[in-house]
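Geometric and topological summary
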Amino acid sequence: MGIIVQKFGGTSVGSTERIRHVAQRVIEEKERGNDVVVVVSAMGKTTDQLVSLAKEISTYPNKRELDMLLSTGEQVTIALLTMALHELGYKAVSYTGWQAGIQTEAVHGNARITHITTEPILNALNEGNIVVVAGFQGITSEGAITTLGRGGSDTTAVALAASLSAERCDIYTDVTGVYTSDPRYVKAARQLKAISYDEMLEMANLGAGVLHPRAVEFAKNYRVPLTVRSSMEHVDGTYIEEVNTMESNLIVRGVAFEKEITRITVHGLTNQITSLSSIFTTLANHHINVDIIIQVQTDENTTNLSFSVKDEDVRETLAVLNEHQSSLGFEKMEAESGLAKVSIVGSGMISNPGVAAKMFDVLAQNGIQIKMVSTSEIKVSVVVDQKEMIRAAEILHEAFGLDKVEETIAAL
Ligand code: ASP
Ligand code: MG
């Protein structure tokens, strides 16, 4: 008998009626003879509402207290789902993150899981329980409650699956699987049967909201078989797996996009061998995530440095730079907001030259200006005006033949 970890997102547990429905899906898995661990998110838009409440009190709420507040959302769901399972005649017990032994680093708002003590869950399973665990939360070694970043319940689920050596981790959501692009915005988007860990990791990191990036990272590192599937309909989902032979004739497998990006430019940075490391170490010490970096030497002694951050981090970034201006040694800085990142992802790029060229060409032909570029082996990202984001995504989706994915699957 194996362990299956199931995860149900906010929409799937958005009402008591839906929670009852989720209980049925859990029981189906239990009745197949598996031990079941269920991870749930907060109901519906609860987390957003809690954030709003905090903002009514304080513009920049203390991060420890914000975690204290946000972690309550998931606690509501675990209790209700467990009650629903009891009503249907099943043994079940709920655990908060800390009761489930989920240890994290001491970072509020975006903590990483460092260790999971599996005894509590294993004992409860051995006693015949379905175990219902609150997603998105953990505890530091000092005993402070932390959260894992928005969307972090996926990561709880995959991390539990890894530490419990689960057979599979099924992410149940309000869409039927992973799409070539976000179907809410790109109408031609098609569902993929399978996608590799690396491609999924890029897609998730690049703003495809369907999975939390760290969840994919865990799945890849610990080889957890992962599926994304619908909590409402009984239809095939998308497999995220190591070797992905299907659809291998697709050079690009997805188009991802992310809004609310700001380009920060630091002018007149002294040209010293340690200049870059000083700036980025200082930002990293403040847990500021920097994305695309472009360095241009202006003359013998100075360089200009541009990098992108999320809008939500702009205030802190500027404050940190300001505070350290003299020691970092630059003249002035400026920030340009209202930008977005659009990316194409696909393992096929490794062996097919000209993918970036085609991307730039298609965008140029459509009059879309590129402000920054970054590439990896399997992705190309461009920063554009936020107003052009969806149009750019649609153009690229079509240019790389993603609207024809279904035919590709059928042909194999
Ligand atoms: N409830 C949290 C959020 O809304 C975590 C999650 O749903 O994964 O971000
Ligand atoms: Mg989610």
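Residues numbered from 1 in each chain as written. Chains lettered and ligands numbered in written order. Predicted model: local features only at pLDDT ≥ 70, side-chain atom pairs only at ≥ 80, totals over all residues. Heavy atoms only, no water.

1. Observations regarding the sheet that holds strand β6 (residues 130-134)
Pairing is mixed across the open sheet formed by 8 strands, whose spatial order is β3-β6-β2-β1-β9-β11-β12-β10. Of all strands in the sheet, those with a lone pairing partner are β3 (92-95) and β10 (194-196), marking the two edges. Along the sheet, successive strands turn relative to each other by an average axial angle of 20°, direction set aside. Helix-sheet contacts for helix α6 (residues 197-205) involve β10 and β12 (238-241), and the interaxial angle to β10 is about 85°. (Pairing = 2+ DSSP bridges. Helix = DSSP H or I, 4+ residues; strand = E, 2+ residues; numbered from the N terminus. Axes fitted to C-alpha atoms, helices over the stretch in contact; angles between N-to-C directions. Contact = heavy atoms within 4.5 Å.)

2. Looking at the site of ligand 1
In the vicinity of ligand 1, the contacting residues are Ser41, Ala42, Thr47, Glu74, Phe136, Arg150, Gly151, Gly152 and Ser153. A distance of 2.9 Å separates an oxygen atom of ligand 1 from a polar side-chain atom of Ser41. A distance of 2.9 Å separates an oxygen atom of ligand 1 from a polar atom in the backbone of Ser153. A total of 260 Å² of accessible area belongs to ligand 1 in isolation, and the protein chains cover 87% of it. Looking at side-chain class alone, the shell around ligand 1 contains 2 nonpolar, 5 polar and 2 charged residues. (Near = heavy atom within 4 Å. Polar contact = N/O pair within 3.5 Å; in protein donor to acceptor, adjacent residues only side chain to side chain. Areas by Shrake-Rupley, 256 points an atom, 1.4 Å probe, with all protein chains shown as cover. Nonpolar A, V, L, I, M, F, W, Y, C, P; charged D, E, K, R; others polar.)

3. A word on unusual backbone geometry
At Ser165, a position not held by glycine, the phi torsion is positive, near 50°. Checked against the element boundaries, Ser165 lands in the loop between α5 (153-163) and β9 (168-173). For Ser165, a relative accessible area of 62% gives the class exposed. Phi at Arg223 takes a positive value of approximately 55°, unusual for a residue other than glycine. Here Arg223 is to be found in the loop between α7 (213-221) and β11 (226-230). (Buried < 20%, exposed > 50% of the residue type's maximum accessible area, 1.4 Å probe, protein only.)

4. With respect to the nonpolar core
Considering soluble globular proteins, one finds that nonpolar side chains tend to be buried as a cluster. In this structure, Ile121, Val342 and Ile344 are the most contacted members of the largest nonpolar core, which totals 71 residues. Per-element tally for this core: the top contributor is α5, with 6 residues. Setting aside anything within four residues of it in sequence, one finds Ile121 in contact with Val37, Tyr95, Ala100, Val131, Val133, Leu160 and Leu164. (Core = buried A, V, L, I, M, F, W, Y, C linked by side-chain atoms within 4.5 Å.)

5. Describing the pairing of strand β14 (residues 293-297)
Where β14 and strand β15 (residues 302-310) come together, 5 bridges link them in antiparallel fashion. Bridge pairing in β15 links Gln297 to Thr303. What sits between β14 and β15 in their antiparallel hairpin is a turn of 4 residues.

6. A word on the pattern of salt bridges
Within the structure shown, the criterion is met by 19 salt bridges. Across the salt bridge formed by Lys341 and Asp291, the nearest N and O atoms sit 2.5 Å from each other. Linking Lys341 in strand β16 (residues 332-345) with Asp291 in the loop between α8 (275-285) and β14, this pair joins segments that are 50 residues apart in sequence. Taking the relative accessible area as the measure of exposure, Lys341 reaches 5% and is therefore buried. Residues Asp403 and Lys404 are paired through a salt bridge, measuring 3.9 Å at the closest nitrogen-oxygen approach. Among the residues examined, Asp403 registers a relative accessible area of 17% and is labelled buried. Overall, the relative accessible area of 43% leaves Lys404 in the partly exposed class. (Salt bridge = Lys/Arg side-chain N within 4 Å of Asp/Glu carboxyl O.)

7. With respect to the sheet that holds strand β13 (residues 254-270)
Strands sit in the order β14-β15-β13-β16-β18-β17 across an open sheet of 6 strands; the sheet is antiparallel. Two strands lie at the open edges of the sheet, namely β14 and β17 (372-376), each paired on one side alone. In this sheet, adjacent strand axes meet at a mean angle of 30° when their direction is disregarded. In terms of strand pairing, β17 meets strand β18 (residues 379-385) through 5 bridges, oriented antiparallel. The residue bridging Ser374 from the neighbouring strand is Ser381, located in β18. Relative to the sheet, helix α11 (residues 355-365) contacts β16, β17 and β18, its axis offset from that of β18 by approximately 20°.

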